[in-house]
Amino acid sequence: MIELKNVSKTYAGSVLAVDNINLNIYDGEIFGFLGPNGAGKTTTIKMITGILKPDQGTILINGKDIQKEPLEAKRLFGFVPDDPNTFLRLKGIEYLNFMADVYDVDTIVRQERIQNLSERFDMRSALHDQIQSYSHGMRQKIMVMGVLIHEPPVWILDEPMTGLDPRSSFVLKEMMREHADENKTVFFSTHVLEVAEKVCDRVAIINKGKILFCGNMEEMRKEFQGDESLEKMFLELTENER
Amino acid sequence: MRDKIKKMWLLTKVLLKGGMGKSKMKPKWKVLVGFLVCLWLIPVAGSIVAMVAGLYDGLASLGQEGLLLEIGMGSASFLVLFFGILYLLNLFYFDKDIENLLSLPFTPGQIIGAKFIVALVYEYVSVSFILLPVLGVFGIKARMGIWYYLYSILVFMTMPAIPLVMAGIIVMIVMRFTNIGKNKDILKIVGGIIGIIFAIGLNIGIQRFTGNMMDPSNLQQLIHQGNNSLLGKTMILFPQVKMSNLGLLYSSSFTGLLWILGFLAVAFLAYFIFLLLGEMIYFKGVVGLSESKAKRKIFTSEALQRQSIQRSVFYSCFWKEIRILLRTPVYFLNCIVMNILGPFFLLIPFFTAQEEGIFEESVKLAQNPNRMGMLLGIGFGIILFFAGTTGIASTALSREGQQIFVNKMLPIDYMTQIIAKVASAAFIGFWGVLILAGIGIILFRFSFIFIILFMFLGSIGLLFSAFLGILIDLYHPKLDWDNEQKAVKQNFNVFLHMLMIMVFAGITIFLSIIIRPSILYLILGIGLVYGCLTLLLWFWVKQISRKAFEKIEV
């Protein structure tokens, strides 16, 4: 479970990127974080993962405060960033082992997981090569694998579908569902509405740093009158704010 | 043609802007840095001017004052050629913007022509340390007229171009013939090393050559002729030096104008030839250079079992650092190669010295038990010096760039990450120590005990340097870069670290020579002083590490 209480963040003293938001993401659900470009999605995610320090408010991950107990809190989640261009000079297998060492995954368990994940994502033949030789989608996949190697109770993914081919995208969605069904938490950001519509149990819409809506699809449709497509709703929602 | 030049100029402007990088330094820090630079610059500039003036007086008494200009410009040319090889190699072939430039409708000549000018601008900064005092002192002392100063400006602006053209041509030819096969990273490194070795060879060659030229009996005769008759004898490698010298010397007459015009013509011709060569071979060297090797070999279960074994977090972080340093050509060439080749640079004087017996004298000195303390102190200073030049520790955070968010997001204690970086800097520094030790044993026949003590003290020096470097980088890491070269070469932290280490190395060597302590006192002295300083730095780093990481917002 992820809890955000009165969280705000200002950049360079003046630009209010996130404005006093409150969110609860419960165990067992896939939670979509929607918003146009520059709405504050990535800033929020960076605060949850301890990359940025909020100006005010608290963030708890399964009850651990990311500011007060950073190491304990960080152990509880796995984070897939929107930019997969990290560790480019390491080989795929070296990266996976690095992540396994960081999260104390023992030898037997890691071997089993590397085997499973590389088969599921069709990456077996690439593990020997440096990540810089991978395509964008393959880099995305190896990042996802690195995060899943310690089977964290909370998943946080920033635009995870970008660059994935349909099959990998399907596999990832399937895994997100499995994960949530095991009563774990999945939190992901996207600006692709169809993905959110198909995968999410609940969504929040953020624009200009404020949460405009939080609830399930049904509630969202109700709030924005009946049958209109989500896209239209989404446009309407963010349009009024401009 | 006009359109071509216009486009090249357009590209040059963009590249020049990009090269400067954004400075995120706080004003307070800027003032401190500015102050430190001035503090360093004033005595350095003062001593250069004093030295040049002394040299002028000496030469003038022999009627050879014109030689001063030649020595100044000759050494500046050499400096540009030497450092230009590495710099252009990075700029022409390993820069990240190359990929984008290749896809734009520029001719090879336009790309390297524009990049060349960027390099030239940087060279002005480095040669100004030599050329400005030389041109200025000569102008004042020889009471030269207005034309001399006008020509001086022209010469200053044009002079570095010719050795830089030479460097560019060498680089292009080397890369043309090494850009083959699949493993590009290794080839980049091999190309770079060939370039460096070429530069060292050139250094030795020139020193020998000028040494022969300076054969005493020949020299005496020439000196007696007076009247600047030595001009043009020392620098056959750089013919333009002679032309510009004569232009400056005879600046009051028409002959001077002719020489200057000739000099400018040679410079433009050289640039033109360089562009022409670039048109022909640059693309062959650069296209496909960024392809990376991929085997796409099936990963067997045996390989998985062999390679996937749990290790400690520290071990994993440490090897991650080492792997990245070794596998990234820019880091390898800038941080590691110098560390390995550096010790061999120290041997150059022994091979080029004209006097007989210097080497034997040195071996004898190395056996003298009364000098052991002093030699150990000097050895320690040399290790410090090399550790200060590599920049591994002082760019440890900077090298992470925008990806530093990973360091903040992973559940690894910041201090563990920092110590892994310190250890990697010390580990690679230790290769240099081993090479120095090997040279000491094989060539100078130092005793085994001496070498062991040398390695022990050296390790303390390496740790001291690494902690100091990372402390500097923690205060303001340069993370806003788009190409690795900016992280290690155009990073002020490296310079600052080098400066501080040189002060320590200088003081240590100076005191060792003055005091000539016994070996026991030296070990106690250095061990205690540097041991305590290292502990102090460790404590300091520990105090600020969390705050420093929290301050980083990417």
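Every chain is numbered on its own, with residues counted from 1 as its sequence reads. All chains are assigned letters beginning at A, and all ligands numbers beginning at 1, according to the order in which they are written. Only residues with pLDDT of 70 or above have their local features reported here, since the model is predicted, and side-chain atom pairs are shown and tallied only from 80 upward, although totals for entire chains, interfaces and linings are computed over all residues. With hydrogens and water stripped out, all remaining heavy atoms of the structure feed into the side-chain values.

Enquirer: Account for the overall build of chain B, with residues named and values stated.
Expert: Under the DSSP-based scheme used, a helix requires at least four consecutive residues in state H or I and a strand at least two consecutive residues in state E, with every element numbered from the N terminus. Check the secondary structure of chain B and you find 23 helices and 0 strands. Per-residue accessibility, obtained with a 1.4 Å probe over protein chains only, is compared with the maximum for each type, and a residue is labelled buried under 20%, exposed over 50%, and partly exposed between these values. Per-residue burial over chain B gives 52% buried out of 554 residues. Long-range contacts, defined as pairs at least 24 residues apart, comprise 84% of the intrachain contacts of chain B with a sequence gap of at least 6. With an accessible surface of roughly 26,000 Å², chain B has 72% of that area assigned to carbon and sulfur atoms. In what follows, residue pairs with any heavy atoms lying within 4.5 Å of each other are defined as contacts. Method for areas: the Shrake-Rupley scheme with a 1.4 Å probe, in which residue coverage is limited to the protein chains shown.

Enquirer: Break down the overall build of chain A for me, with residues and values.
Expert: Helix and strand content of chain A: 9 helices and 10 strands. Counting all 242 residues of chain A, 60% fall into the buried class. Excluding contacts between residues fewer than 6 apart, the proportion of contacts in chain A whose partners are at least 24 apart in sequence is 66%. Total accessible area on chain A is roughly 9,600 Å²; 47% of this is exposed by carbon and sulfur atoms.

Enquirer: Requested: an account of helix α1 (residues 41-48) of chain A, with residues and values cited.
Expert: Among the 8 residues that make up α1 of chain A, 7 are buried, leaving the element largely enclosed by the rest of the structure. Those residues of α1 of chain A lying buried are Lys41, Thr43, Thr44, Ile45, Lys46, Met47 and Ile48 of chain A.

Enquirer: Can you tell me about helix α5 (residues 136-148) of chain A, naming the residues and giving the values?
Expert: Helical periodicity: at 3.6 residues per turn, an α-helix aligns residues three or four positions apart in one direction. Residues and elements named next belong to chain A. The end-to-end C-alpha distance of α5 is 19 Å, a good match for the 18 Å that 13 residues give at a rise of 1.5 Å each. The buried fraction of α5 amounts to 12 of the 13 residues, a majority that puts the element mostly inside the structure. Considered for burial, the residues of α5 that qualify are Gly137, Met138, Arg139, Gln140, Lys141, Ile142, Met143, Val144, Met145, Gly146, Val147 and Leu148. Next to the buried residues of α5 lie β6 (77-80), α3 (92-102), α4 (107-120), β7 (154-158) and α6 (166-181). A helix is expected to span 1.5 Å for every residue after the first.

Enquirer: Explain the packing of aromatic side chains to me, using residue names and the numbers behind them.
Expert: Residues and elements named next belong to chain B. Two rings belonging to Phe, Tyr or Trp (six-membered ring only in the last case) form a pair when the distance between their centres is within 6.5 Å. Interplanar angles under 30 degrees mark stacking, angles over 60 mark edge-to-face geometry, and anything in between is tilted. Under the counting rule described, the total for this entry stands at 33 aromatic pairs over all chains. Both rings, one in Tyr282 and one in Phe283, keep their centres 6.0 Å apart while their planes meet at 40°; by these two values the pair is tilted. The exposure class assigned to Tyr282 is buried, which follows from its relative accessible area of 0%. Each member of the aromatic cluster is reached from another via a ring pair, and the members are Phe92, Tyr93, Phe116, Tyr271, Phe274, Tyr282 and Phe283. We call a charge positioned above a ring when the Lys NZ or Arg CZ atom is no farther than 6 Å from the ring centre and deviates by at most 35 degrees from the ring normal. Positioned above the aromatic ring of Tyr331, the side-chain terminus of Arg399 is 5.7 Å from the ring centre.

Enquirer: Could you give me a rundown of the interface of chain B and chain A, with the residues and numbers involved?
Expert: Listed as interface residues are 45 residues of chain B and, on the opposing side, 50 residues of chain A. When two parts are brought into contact, each loses some accessible area as probed by a 1.4 Å sphere; the total of that loss over both is the buried area. Looking at the side of chain B facing chain A, the largest losses of area belong to Arg296, Phe299 and Pro411 of chain B, adding up to 17% of the total buried there. By convention in these notes, a salt bridge is any Lys or Arg side-chain nitrogen within 4 Å of a carboxyl oxygen on Asp or Glu. Summed over the shared surface of chain B and chain A, the number is 5 salt bridges. Identification of polar contacts relies on pairs of N or O atoms within 3.5 Å, with a donor-acceptor requirement for protein atoms, meaning one able to donate a hydrogen and the other able to accept it, and with residues adjacent in sequence counted only if both atoms are side-chain atoms. At the junction of chain B with chain A, the criterion picks out 17 residue pairs in polar contact (both at pLDDT 80 or more). Put simply, the parts of the chain that give the side of chain B that touches chain A at least two residues each are α12 (301-307), α13 (313-327), α18 (405-409) and α23 (519-551) of chain B.

Enquirer: Please give an account of the packing of helix α17 (residues 372-390) of chain B against helix α22 (residues 492-515) of chain B that cites residues and values.
Expert: Residues and elements named next belong to chain B. Working convention: axes come from line fits to C-alpha atoms, limited for helices to the stretch in contact. Angles between N-to-C directions cover 0 to 180 degrees. One way to put it is that α17 packs onto α22 with a least axis distance of 8 Å and a crossing angle of 175°. One finds that α17 runs roughly antiparallel with respect to α22. Contact residues: α17 offers Met374, Gly377, Ile378, Phe380, Gly381, Ile382, Leu384, Phe385, Ala387, Gly388 and Thr389, while α22 offers His497, Met498, Ile501, Met502, Phe504, Ala505, Thr508, Ile509, Ser512 and Ile513. When residues are sorted by character, Ala, Val, Leu, Ile, Met, Phe, Trp, Tyr, Cys and Pro go into the nonpolar class, Asp, Glu, Lys and Arg into the charged class, and all the rest, Gly among them, into the polar class. Residue classes in the contact of α17 with α22 are distributed as 14 nonpolar, 7 polar and no charged. Any angle from 65 to 115 degrees is called roughly perpendicular, while one under 35 is roughly parallel, one over 145 is roughly antiparallel, and all others are oblique.

Enquirer: Let's hear about the side chain of Glu321 of chain B: which residues, and what values?
Expert: Residue and element names in this part refer to chain B. Tracing the chain through its elements places Glu321 in helix α13. Taking relative accessible area as the criterion, Glu321 reaches 8% and is therefore assigned buried. For Glu321, the residues in contact, after removing those within four places along its chain, are Arg399, Glu400, Ala420, Lys421 and Ser424.

Enquirer: Pulling in residues and values, what's your account of the sheet that holds strand β2 (residues 15-25) of chain A?
Expert: Residue and element names in this part refer to chain A. Pairing in this open sheet of 4 strands is antiparallel, and the strands run β2-β1-β4-β5 from one edge to the other. Each edge of the open sheet is held by one strand with a lone partner, namely β2 and β5 (64-65). Lying on the sheet, α1 is in contact with β1 (2-11), β2 and β4 (56-61); it crosses β1 at an angle near 120°. DSSP-based pairing: two strands are paired if at least 2 bridges between them are found.

Enquirer: Mind laying out the pattern of salt bridges, listing which residues take part and the relevant values?
Expert: In this structure the tally under the stated criterion is 26 salt bridges over all chains. Of the charged contacts in the structure, one is a salt bridge between Lys210 of chain A and Asp19 of chain A, with a shortest N-O distance of 3.2 Å. Placement of Lys210 of chain A in strand β10 (residues 210-215) and of Asp19 of chain A in strand β2 is noted, with a sequence separation of 191 residues between them. Residue Lys210 of chain A is classed as partly exposed on the basis of its relative accessible area of 43%. Classification of Asp19 of chain A as partly exposed rests on a relative accessible area of 22%. Glu178 of chain A is the partner of Arg120 of chain A in a salt bridge, and the nearest nitrogen-oxygen pair spans 2.8 Å. Of the two residues, Arg120 of chain A sits in helix α4 while Glu178 of chain A sits in helix α6, which places them 58 residues apart along the sequence. Exposure remark for Arg120 of chain A: the relative accessible area of 30% places this residue in the partly exposed category. Sharing partners across several salt bridges, the network here consists of Glu321, Arg399, Glu400 and Lys421 of chain B.

In short, geometric facts, not functional conclusions.
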